[in-house]
Amino acid sequence: MAYNYDNQNIFAKILRGEIPNNTVYESEHALAFRDIQPQAPTHVLVIPKGPYVSFDHFAADATDAEIIGYIRAISEVCKAEGVTLTQGEGFRMISNAGAHGVQEVPHLHVHILGGRNMGRMIARAD
Ligand code: 5GP
């Protein structure tokens, strides 16, 4: 089954400038902005600029430059937020994919969460 990217998803609209966002970092291949419903003192979403639904889609189809640019952008955000192990107390990085991952927005994003102890990794949904 092929990956099916929906151009009308919220993050595609943010990338096109149709919806405002609170940008914390931008580069050629990535944009990072604050989550509209923060779950921790630091809660930043980092997205690639290309049309990828999920991490597996990105890993399969993105160029090497896009992949390097995206990973570096995530690292820059962690540094800018002061949560790296050289600066702070660490962070959690989450990327939800599809129905079982309970992904709300179908454009690849990594959540960077920090500024407090994040507790157990997952709670059972059932
Ligand atoms: P997911 O469940 O897809 O991993 O998470 C999507 C995230 O996007 C949620 O944490 C949600 O609060 C955030 N979100 C949804 N719509 C918007 C929006 O319009 N702007 C911003 N900044 N975040 C959003």
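Structure's up top.
Quick notes on the rules
- Residues numbered from 1 in each chain as written.
- Predicted model: local features only at pLDDT ≥ 70, side-chain atom pairs only at ≥ 80, totals over all residues.
- Heavy atoms only, no water.
- Helix = DSSP H or I, 4+ residues; strand = E, 2+ residues; numbered from the N terminus.
- Contact = heavy atoms within 4.5 Å.
- Pairing = 2+ DSSP bridges.
- Salt bridge = Lys/Arg side-chain N within 4 Å of Asp/Glu carboxyl O.
- Buried < 20%, exposed > 50% of the residue type's maximum accessible area, 1.4 Å probe, protein only.
- Near = heavy atom within 4 Å.
- Polar contact = N/O pair within 3.5 Å; in protein donor to acceptor, adjacent residues only side chain to side chain.
- Areas by Shrake-Rupley, 256 points an atom, 1.4 Å probe, with all protein chains shown as cover.
- Nonpolar A, V, L, I, M, F, W, Y, C, P; charged D, E, K, R; others polar.

A. Looking closely at the environment of N7. When you line up the elements, N7 lands in the segment before α1 (10-15). Taking the C-alpha atoms as reference, N7 lies 9.4 Å from P106; in sequence the two are 99 residues apart. When neighbours within four sequence positions are excluded, N7 is seen to be in contact with A12 and R16.

B. Representation of the pairing of strand β1 (residues 23-26) within the structure. Sheet topology places β1 next to strand β2 (residues 30-34); three bridges connect them, and they run antiparallel. The partner of Y25 across the bridge, within β2, is A32. Here β1 folds back onto β2, and the loop between the two strands holds three residues.

C. Just the environment of I71, in detail. Mapped onto the elements, I71 comes out in helix α3 (residues 64-81). Counting along the chain gives 38 residues from I71 to H109, while the straight-line C-alpha distance between them is 11 Å.

D. Spatial organisation of the pattern of salt bridges. Inspection of every chain in the model, using the stated rule, returns four salt bridges. Across the salt bridge formed by E26 and K49, the nearest N and O atoms sit 2.8 Å from each other. In this pair, E26 is assigned in strand β1 and K49 in the loop between β3 (42-48) and α2 (55-61), connecting sequence segments 23 residues apart. Residue K49 is classed as partly exposed on the basis of its relative accessible area of 31%. We note a salt bridge from R34 to E81, for which the minimum N-O separation is 3.0 Å.

E. Looking closely at the site of the ligand. Taken together, the neighbourhood of the ligand is formed by 16 residues, with D35, N96, E104, H109 and H111 sitting nearest. Interatomic distance of 3.2 Å between a backbone N/O atom of V102 and an oxygen atom of the ligand. Note that an oxygen atom of the ligand is positioned 2.8 Å from one of the side-chain N or O atoms of H111. Compared with its free state, where it exposes 530 Å², the ligand has 88% of that area covered by protein. The biggest single contributor to the shell around the ligand is α1, with three residues. Tallied by class, the residues present in the shell around the ligand amount to eight nonpolar, five polar and three charged.

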